[in-house]
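# Results of the structural survey
One letter stands for each residue in the lines below.
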Amino acid sequence: MYSSVESPATSSDKPGPSSVSEVSQLIQGLLKSDPQLANISIIGEVSGHLQPASGHSYFSLRDREASLRCVMFRYGRGHQYLEDGALVICEGSAGIYAPRGDLQIVVTSAEPAGIGDQQAQLEELKRKLRSEGLFDPSRKRLIPQFPQRIAVITSEQGAVWHDIANVVRRRYPLMELLLAPSAVQGELAPVSIIEAFADLHAYAETEDVDAVIVARGGGSAEDLMPYNDEMVARTIFASRIPVISAVGHETDFTIADDVADLRAPTPSAAAELVSPDIAGLTFETADLAQRLMRGLSGRVELARQRLELTHDRLADSAPKTDQYRDRVESLRSRAGDAWSRYVAIKREAMRRVEAELRALGPYNILERGYAIARGNDGRVITRAANVSPKESLELTFADGTVETEAQTINTNN
């Protein structure tokens, strides 16, 4: 019996653990020792091609079922054929990229072999949409010059939204930005983008939205595939709001760019396209105001000069009017005197008529001791025969009235 769970033989003969580098070198040696992997020819579709300033090309070769990472150093042949979607034949060797432990193909040469399946499907979709008029330039709408509210369909976590907001805040802070969040890559991204458009159009039922920017940053061809989706293209085409496509870098082109009303090379460029430069507008406004004032001042000065010239010409050609002026003044004075006399005569005549009327007035007669008699019906009684016995009478004197009753009636007849 042994007290240990290990047998004496296995506990002393088991090798110690290998380091990560040792395992990586072991795999690298196995790959190089295989004659088929040390000199291999592969046909596949280029995807995710990048060529930085170093001149090396980094890409993937893919078919419908698998994908291999590849690198072609700057001294390799056929860099010009490495474009996303291109079908190429690459020669090289399999190896391990030790820092990441990635299997990769070190390509020494590449030559074209046609168009890859994915690219062929993309080109077929473009032909279909073009034939239906989705790319027709005549249907593209203008973006408002001074928008009040712009929507952005992009990821709320990415840098794109912040870049656009910073540009707008700097250039035209009067404009409002509205975020319609969506996924920007992956299998669910097309549905997310379409749902963002639906939410945005529901919002636009009650609020004005001048334009919408569909945006994401740069990436590989696979990363940008949601913007080559047919339903996304048809959603952009059906949008009631003008659409600006700002997908990837300046060299990236998607179907969304062809369908949108305007393509921007980058999201930041899209922000600049929709936001007027308020500093430039302020300068232009001030310049226009100065030019307007100078123009108006010039026109006023020219009008003044013309007026003075016209005045001088009229003064030179005007007839001598001094003698006529004196005569008019004499006639005016005589007419004034005549009118004053006429008014005085008429006023005196009116005073005489007024005195005569006053003398003939009934109250002057009453002052001399007469009275006016009225019957109970208010009639003026001028004869005694018109009075009935016991009739009530009202006698009007110069200083008042007296009510009385007829007792005895005596007539001259």
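Anyway, here's the lowdown on the structure attached to this text. No experiment lies behind these values; they were computed from the predicted model shown.

Turning our eyes to something else, we now look at the overall build of the chain. Along its length, the chain carries 12 helices and 14 strands. Along the longest, intermediate and shortest principal axes, the C-alpha atoms of the chain span 185 × 85 × 55 Å. For the chain, the proportion of its 413 residues judged to be buried stands at 30%. Counting only contacts in the chain whose residues sit at least 6 apart along the sequence, the fraction spanning at least 24 positions is 61%. Total accessible area computed for the chain in this model is approximately 27700 Å², and 54% of it derives from carbon and sulfur atoms. Distance between charge centres in the chain, computed from 45 positive and 58 negative side chains, equals 15 Å.

We now examine the packing of aromatic side chains. With the rule as written, the count across this model stands at two aromatic pairs. Summarising the aromatic geometry, the rings of Phe 73 and Tyr 75 are spaced 5.9 Å apart at their centres and angled 35° between planes, so their arrangement reads as tilted. Among the residues examined, Tyr 75 registers a relative accessible area of 67% and is labelled exposed. Lying across the ring of Phe 253, Arg 263 places its NZ or CZ 4.0 Å from the centre.

This part takes up the side chain of Arg 139. Relative to the elements of secondary structure, Arg 139 occurs in the loop between α4 (117-131) and β6 (149-154). A distance of 3.0 Å separates a polar side-chain atom of Arg 139 from the backbone oxygen of Val 259. Excluding anything up to four places from it in sequence, Arg 139 contacts Gly 133, Leu 134, Phe 237, Val 259 and Asp 261.

Judged by how many residues are buried, strand β9 (residues 243-247) sits mostly within the fold: five of five residues are covered. Burial of β9 is two-sided: the residues Val 243, Ser 245 and Val 247 facing one way and the residues Ile 244 and Ala 246 facing the other way are all buried. Alignment of strand β8 (residues 211-216) against β9, held across five bridges, turns out to be parallel. The partner of Arg 216 across the bridge, within β9, is Val 247. Each parallel crossover has a hand, and for β8 linked through helix α7 (residues 230-238) to β9 it is right-handed. With two bridges connecting them, β9 and strand β10 (residues 262-263) associate as parallel partners. Across the sheet, the residue bridging to Ser 245 is Arg 263, located in β10.

Further remarks concern the side chain of Thr 254. The topology assignment puts Thr 254 in the loop between β9 and α8 (255-259). Overall, Thr 254 belongs to the buried group, its relative accessible area being 2%. Those residues within four positions of Thr 254 in sequence are excluded, and the remaining contacts are Leu 224, Tyr 227, Asn 228, Ser 245 and Val 247.

This part is about the packing of helix α5 (residues 159-171) against helix α9 (residues 267-274). At a minimum axis distance of 9 Å, the contact between α5 and α9 shows a crossing angle of 30°. Here α5 lies roughly parallel to α9, going by the angle between them. The element α5 and its partner α9 pack so that their crossing is right-handed. Contacts between α5 and α9 involve Val 160, Asp 163, Ile 164, Val 167, Val 168, Arg 170 and Arg 171 on the former and, on the latter, Pro 267, Ser 268, Ala 271 and Glu 272.

Another aspect to go through is the sheet that holds strand β7 (residues 176-181). Read across the sheet, five strands follow the order β7-β6-β8-β9-β10 without closing on themselves; strand pairing throughout is parallel. Edge positions in the sheet fall to β7 and β10, since each has one partner strand and no second. Looking at chain direction, β6 and β8 are connected through four bridges and run parallel. Bridge assignment links Ile 153 to a residue of β8, and that residue is Val 214. Contacting β6, β8, β9 and β10, α9 crosses the sheet at an angle of about 165° to β8.

Glancing now at the environment of Asp 136. One can find Asp 136 in the loop between α4 and β6. For Asp 136 and Asp 258, which are 122 residues apart along the polypeptide, the C-alpha to C-alpha distance reads 8.8 Å. Of the polar contacts made by the side chain of Asp 136, one reaches the side chain of Ser 138; its length is 2.9 Å.

Phe 197, Val 212, Ile 236 and Ile 255 are the most contacted members of the largest nonpolar core, which has 28 residues in total. Counting residues per element, the ones that place at least two in this core are α4, β6, α6 (189-203), β8, α7, β9 and α8. Of the residues forming this core, the biggest block, four residues, is contributed by α6. The contact partners of Val 212, leaving out residues within four places of it in the chain, are Ala 151, Ile 153, Phe 197, Leu 200, Ile 241, Pro 242, Val 243 and Ile 244. In terms of nonpolar packing, the next biggest core, distinct from the first, is built from 19 residues, Ile 143, Val 167, Ala 211 and Ala 271 among them.

One non-glycine residue, Lys 390, adopts positive backbone phi at about 65°. Within the secondary structure, Lys 390 is located in the loop between β12 (380-381) and β13 (392-397). Owing to a relative accessible area of 54%, Lys 390 belongs among the exposed residues under this scheme.

Here we come to the pattern of salt bridges. Per the stated rule, a full pass over the model turns up 17 salt bridges. Ionic pairing is found between Lys 128 and Glu 230, a salt bridge with its closest N-O pair at 3.0 Å. One end of the pair, Lys 128, is in helix α4; the other, Glu 230, is in helix α7, and 102 residues separate them in sequence. A salt bridge links Arg 240 to Glu 205; the nearest nitrogen and oxygen atoms lie 3.1 Å apart. In this pair, Arg 240 is assigned in the loop between α7 and β9 and Glu 205 in the loop between α6 and β8, connecting sequence segments 35 residues apart. For the pair shown, Arg 240 and Glu 205 are each scored as exposed. Taken together, the salt bridges that share partners define one network made up of Lys 128, Glu 132, Glu 230 and Arg 234.

Reading the values: the criteria
- Residues numbered from 1 in each chain as written.
- Predicted model: local features only at pLDDT ≥ 70, side-chain atom pairs only at ≥ 80, totals over all residues.
- Heavy atoms only, no water.
- Helix = DSSP H or I, 4+ residues; strand = E, 2+ residues; numbered from the N terminus.
- Buried < 20%, exposed > 50% of the residue type's maximum accessible area, 1.4 Å probe, protein only.
- Contact = heavy atoms within 4.5 Å.
- Areas by Shrake-Rupley, 256 points an atom, 1.4 Å probe, with all protein chains shown as cover.
- Lys, Arg positive; Asp, Glu negative; His and termini not counted.
- Charge placed at Lys NZ, Arg CZ, Asp CG, Glu CD.
- Phe/Tyr/Trp six-rings, centres within 6.5 Å; stacked < 30°, edge-to-face > 60°.
- Lys NZ or Arg CZ within 6 Å of the ring centre and 35° of its normal.
- Polar contact = N/O pair within 3.5 Å; in protein donor to acceptor, adjacent residues only side chain to side chain.
- Pairing = 2+ DSSP bridges.
- Right-handed = clockwise from strand over helix to strand, strands pointing away.
- Axes fitted to C-alpha atoms, helices over the stretch in contact; angles between N-to-C directions.
- Parallel < 35°, antiparallel > 145°, perpendicular 65-115°, else oblique.
- Left-handed = near helix turned anticlockwise from the far one by under 90°.
- Core = buried A, V, L, I, M, F, W, Y, C linked by side-chain atoms within 4.5 Å.
- Salt bridge = Lys/Arg side-chain N within 4 Å of Asp/Glu carboxyl O.

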